[in-house]
Amino acid sequence: MSEQPTELRETVRRRYAAAAVKVIEGGTACCGPQPVEVDENFGSTLYAAAERDALPAEAVAASLGCGNPTAVADLHEGERVLDLGSGGGIDVLLSARRVGPTGKAYGLDMTDEMLQLALTNAKKAGATNVEFLKATIEAIPLPAGTIDVVISNCVINLSTDKAAVFAETFRVLAPNGRIGVSDVVADDTLTPQQRAERGDYVGCIAGALSFTEYREGLEAAGFVNVEITPTHPVADGMHSAIVRATKPQTETQASQPTGSADACCGVNACCTPAEASADPGVTVTEAKTTSDCGCQN
C-alpha cells in the first residue's frame, strides 16, 4: 500500500509530461500547436474566446482543466495568486493580467516539461509578474501567510494526499485569504469503487472526493465559508464544481490589540503565521525567551 501513492503520482507525472511534449512538438508544425485531446467537459473551450485569444496558442492548447478558476476567484489589482498544478500556464497568465503589475502570479507544478512550456508561454505573453515553482502541491515552497488567493484547475483530485494539500493551502494563505478552485467532485452516494468505475485516476475521476468529503477536508484544515457549486457533469454522478473557501482572521488577531496584556509570551498572534513581538525593539524569539514562555516554536 505504501508504494501506491508514489506509483500514482508517477503515472500522473508521465501523463502530463506527455501532454506538454505533444503541445511543444505541435508548435513546430506549419499550422501551429495542436490541442491535447480532451472531451467537451475539459480543456480550453471552458474559457471565453477573448481570454483564449489574448494568450499564446501553446498555453491554450495545453489547457486540461475542468473549469476556469480565474473567472470565479474575484482577483484584484495588487493581489498575490498561487495556481496549484499550473501546467502550461494558462491560469497563471490570466491571473497575472488581472492582478496587474503591482500583483504577482505564482505557478506550481511537479512536471519539468510543463514548467518548460509555461516559462516559454510567459515569455511569449510578455508577463513579468509571474514565477513558476517546481514542487508538489502537498509541499508548497512558499512562506506562510504570503498568498492572497489560491486557485487550481482540476488538479487537487489528482493528489494522493488531499489533507496535505488543504493544510498547505491554508498555511500559505494570509488571514482572510481565499481559494477559488475548479475540481471534479462526486455525489455523496458514490463509493470510491464506483468513482473508479467511471474513469481512471489520471483522467481526474477515480481520485475525486465527494461533496461531503471535500467540505469536511477543507473545514478540518481550518477553512470557513466553504461553498461547492457543481457547474456541469463529467460522468455519471461526477461533476465539475467551483470550490470557494476562506481562511479566517485568527481569533488572537480579532480579539487582541497590539501590545495588549493578553499577548502570549510578549507576542501578539502567538504561534500563527502573523505572530509579532509586542515590543518592536525585540524579535519574537527574544520576547518568548525573556518571558520564559513555554511556547517556543
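Residues numbered from 1 in each chain as written. Predicted model: local features only at pLDDT ≥ 70, side-chain atom pairs only at ≥ 80, totals over all residues. Heavy atoms only, no water.

Asker: Would you take a moment to explain the side chain of Ser210 for this structure?
Answerer: Tracing the sequence through the fold places Ser210 in strand E6 (residues 209-210). The class for Ser210 is buried, based on a relative accessible area of 4%. Beyond its immediate sequence surroundings of up to four residues, Ser210 is in contact with Val185, Ala186, Asp187, Asp188 and Arg195. (Helix = DSSP H or I, 4+ residues; strand = E, 2+ residues; numbered from the N terminus. Buried < 20%, exposed > 50% of the residue type's maximum accessible area, 1.4 Å probe, protein only. Contact = heavy atoms within 4.5 Å.)

Asker: Looking at this structure, how should I read the nonpolar core?
Answerer: The nonpolar side chains of soluble globular proteins are, as a tendency, buried together. If you look at the biggest cluster of nonpolar residues, it comprises 32 residues, and the most contacted ones within it are Leu82, Ile179, Tyr214, Leu218 and Phe223. Mapped by element, the contributors of at least two residues to this core are strand E1 (80-84), strand E2 (104-109), strand E4 (147-153), helix H6 (162-172), strand E5 (173-186), helix H8 (211-221), strand E7 (224-235) and strand E8 (238-246). If near-sequence neighbours (up to four positions away) are discounted, Leu218 is found in contact with Phe166, Ile179, Phe223, Val226, Val243 and Ala245. (Core = buried A, V, L, I, M, F, W, Y, C linked by side-chain atoms within 4.5 Å.)

Asker: Mind showing me how you'd approach the packing of H6 against H8 here?
Answerer: Helix-helix packing is characterised by the crossing angle of the two axes and by the distance between the axes. Viewed as axis vectors pointing N to C, H6 and H8 meet at an angle of 45 degrees, and their least axial separation amounts to 9 Å. What the angle tells us is that H6 and H8 run oblique. The two elements H6 and H8 meet at a crossing, and its hand is right-handed. For the pair H6 and H8, the contacting residues are Phe166, Ala167 and Phe170 in the first and Tyr214, Gly217, Leu218 and Ala221 in the second. (Axes fitted to C-alpha atoms, helices over the stretch in contact; angles between N-to-C directions. Parallel < 35°, antiparallel > 145°, perpendicular 65-115°, else oblique. Left-handed = near helix turned anticlockwise from the far one by under 90°.)

Asker: Which parts of the structure should I look at to understand the confidence of the model for the chain?
Answerer: It should be kept in mind that the predicted coordinates are not to be read in detail where pLDDT is low. Predicted confidence across the chain gives a mean pLDDT of 76, with 59% of residues reaching 70 or more. Across residues 60-65, where pLDDT falls below 50, the model places 29 contacts with residues more than four positions away in sequence or in other chains. (pLDDT = per-residue confidence, 0-100.)

Asker: Help me understand the pattern of salt bridges, please; the structure alone is not making it clear to me.
Answerer: Within the structure shown, the criterion is met by 7 salt bridges. Salt-bridge contacts for Glu131 lead to Lys104; the nearest nitrogen and oxygen are separated by 2.8 Å. With a gap of 27 residues between them, Glu131 in strand E3 (residues 130-134) and Lys104 in strand E2 connect regions that are remote in the sequence. In this structure Glu131 comes out as partly exposed when scored by relative accessible area, which is 30%. With a relative accessible area of 26%, Lys104 lands in the partly exposed category. (Salt bridge = Lys/Arg side-chain N within 4 Å of Asp/Glu carboxyl O.)

Asker: Would you explain helix H5 (residues 112-125) in this entry?
Answerer: In an α-helix, one turn spans 3.6 residues; hence positions three or four apart end up facing the same way. An ideal rise of 1.5 Å per residue puts 20 Å on 14 residues; H5 measures up with 20 Å between its terminal C-alpha atoms. Listing the buried residues of H5 in full gives Met114, Leu115, Leu117, Ala118, Asn121 and Ala122. For H5, the angular spread of the buried residues around the axis is 160 degrees, confining them to a single face. Those residues of H5 that are exposed and angled more than 90 degrees off the buried face are Leu119 and Lys123. Of the residues flanking the end of H5, it is Gly126, one or two places downstream, whose phi is positive at about 70 degrees. (Expected span 1.5 Å × (residues − 1). Arc of directions from axis to C-beta.)

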